[in-house]
Amino acid sequence: MKEPEAAAAELIIPDGGFWPAPAIVQPNIYPMEWRVETQKLADIYQKSKRMAWNPADLPWDELRAEDFTVQQRLGIMYWFSVLANFDASGPAVFARATIHAFEQHEEDPVRKCFFSITRDEMNHEECCQRSIAEVWPGGPLDWQPRTELEKAAHNNISWLYHNGGRYWNGYNKAVGKYSLPVLFTSFMMGEMAASTLFRGMASGTKHPVFAGMFSRIGRDESRHLQICMTILENEWPGLTDDTKSLITRQLRAGFIFLSMILWEPPPGFWDLPPYFLHNHRILMGHARDAGLGVLSYEEQAENWRVAMARVRAIVTRWGIEFPAIPELDIDGVDVADDIDPEDIIPVF
Ligand SMILES: [Fe+2]
Ligand SMILES: [Fe+2]
C-alpha cells in the first residue's frame, strides 16, 4: 500500500484534461466570490460594526410602569405597536433582501451592507419588544382588554397588523419582480422617513430610555439611508422610462404607507374600519402625553414635508418625476391612488 503523502504528490491528470464542473443554474448563492466594486459601501459596513450598540444596555430600570397613568402606558404600548408594524418587519425584510443579493451575485459590500441593516433592524425590533414589555405585559395583542379605551387600542392594533400582513405578502413577490433601482428607491424613502421620525422623537422626548433609544436608532437609519443612496448612485444612470414611472408610483405608495407612523394615514392602501383614525388620534394623544416625544400633528406634517422634499430633490436629479402629495401641498405628477398591497415596498 502507498503512503498517503506519496499518493498526494502524484496528481491525477485525466487524458483530455480536467472535466468541467456543471454550470450552476442561477439564481443561486454559489459560486462563492467576494467582488468589490464600491469601496464606499465596504467602508460603511466596517463603520456599522464599530458603531454597534445593544438595546439591553439602555437604562431600562429608569422606565418604570408606575411613573405613568394607565392611559399613558397604553399610549406608549400603542405607539410602539404602530412602530413595530414597520420596524419589526425590518429584520425579515432585509434578511430576505440579503439572500436575494447573494442569489443575484451583487458585489460583496452590497450583501454585507444588507446584512448590517438586518442586524440594526433586529435592534430596533428589540426596542419595540422591550418598551412594550415594560409598560404593557402581553402587548401588542396577547392581553385581555377591559375598558373601552383598551378595547379600542387592541382592535386598532389588530387592524394595523392585518395591513402589515398584506404588505408582507406583496413584498415577498416584489423582491423577485422589481429591479434593484425600484427596490432601492423604496428602501431609500423608508430610511429617509425613519431617520426623520427618530430625529424628531429624540428631540421631543425627555425620558432617558427613549432619548437614548431614539438617537441611536436615528443614527442607524441615517446610515441605512447612506447605504441606499450609494447603491442608487450606481444604479440610477440609464433608467428606462418605464422604470422611472414605476418609481414615481412607488414613491406615492411609500408616502401612503409610511404616513401611518410619520403623520396620519391617508386613504388608499390602508384597509381600516371607519372609527380607526378617530381612536388612533386619541391613543396617540396618550402616547404624546406620556412624554414619548410624539410631535404634534403640525410638526409631524412639517417634518414629513421636509423629508419628502429631500426625496424629491434626489430623484429629480435623475430625471424621475415626483408624485403629487396634495396632503402636504407638494405638487407633482398625479398617480392613481388605487395602491395595491403588492405595490408597496418601503420599509424602515
Ligand atoms: Fe432602517
Ligand atoms: Fe429601523
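Since the model is a prediction, treat every value here as computed from it, not as a measurement. (Residues numbered from 1 in each chain as written. Chains lettered and ligands numbered in written order. Predicted model: local features only at pLDDT ≥ 70, side-chain atom pairs only at ≥ 80, totals over all residues. Heavy atoms only, no water.)

Let's shift gears to the packing of helix H3 (residues 70-87) against helix H5 (residues 108-135). Interaxial distance between H3 and H5 falls to 9 Å at its minimum, and their mutual angle equals 160 degrees. As the angle between them shows, H3 and H5 are arranged roughly antiparallel. Crossing hand, H3 versus H5: left-handed. Side by side, H3 and H5 meet where Arg73, Ile76, Met77, Phe80, Ser81, Leu83, Ala84 and Asp87 of the first sit next to Glu121, His124, Glu125, Cys127, Cys128, Ser131, Ile132 and Val135 of the second. Per-class residue counts for the contact of H3 with H5 are nine nonpolar, three polar and four charged. (Axes fitted to C-alpha atoms, helices over the stretch in contact; angles between N-to-C directions. Helix = DSSP H or I, 4+ residues; strand = E, 2+ residues; numbered from the N terminus. Parallel < 35°, antiparallel > 145°, perpendicular 65-115°, else oblique. Left-handed = near helix turned anticlockwise from the far one by under 90°. Contact = heavy atoms within 4.5 Å. Nonpolar A, V, L, I, M, F, W, Y, C, P; charged D, E, K, R; others polar.)

Overall, the coordinates contain 22 aromatic pairs when judged by the stated rule. Their ring planes at 45 degrees and their centres at 5.3 Å tell us that Phe114 and Phe184 sit as a pair that is tilted. One end of the pair, Phe114, is in helix H5; the other, Phe184, is in helix H7 (residues 180-204), and 70 residues separate them in sequence. When its relative accessible area of 1% is taken as the criterion, Phe184 is described as buried. Taken together, a centroid distance of 5.7 Å and an interplanar angle of 80 degrees make the contact between Phe257 and Phe269 edge-to-face. On the criterion of sequence distance, the pair formed by Phe257 in helix H9 (residues 241-262) and Phe269 in the loop between H9 and helix H10 (276-289) is long-range, its members being 12 residues apart. Among the aromatic residues, ring-to-ring pairing joins Phe86, Tyr167, Trp168, Tyr171, Phe257, Phe269 and Trp270 into one connected group. (Phe/Tyr/Trp six-rings, centres within 6.5 Å; stacked < 30°, edge-to-face > 60°. Buried < 20%, exposed > 50% of the residue type's maximum accessible area, 1.4 Å probe, protein only.)

Taking 1.5 Å of rise per residue, 14 residues should cover 20 Å, and helix H4 (residues 90-103) covers 20 Å from first to last C-alpha, within 8% of that figure. Along H4, the positions that sit buried rather than exposed are Gly90, Pro91, Val93, Phe94, Ala97, Thr98, His100 and Ala101. With its phi angle positive at about 55 degrees, His105 sits one or two positions after the end of H4. (Expected span 1.5 Å × (residues − 1).)

When a metal carries six donors in an octahedron, the ideal angles between them are 90 or 180 degrees, while four donors in a tetrahedron ideally lie at 109.5 degrees. Within the protein, the iron ion (ligand 2) binds to Asp87 (OD), Glu121 (OE), Glu121 (OE), His124 (ND1) and Glu221 (OE); these donor distances fall in the range 2.1 to 2.7 Å. Counting residues between consecutive donors of the iron ion (ligand 2) along the chain gives the motif D-x33-E-x2-H-x96-E. A gap of 3.7 Å separates the iron ion (ligand 2) and the iron ion (ligand 1), which Glu121 links by coordinating each metal. Of this pair, His124 sits in helix H5 while Glu221 sits in helix H8 (residues 208-235), and the two are 97 residues apart along the sequence. Side by side, His124 and Glu221 carry an identical accessibility label, which is buried. (Donors = N, O, S within 2.8 Å, 3.2 Å for Na, K, Ca; no water.)

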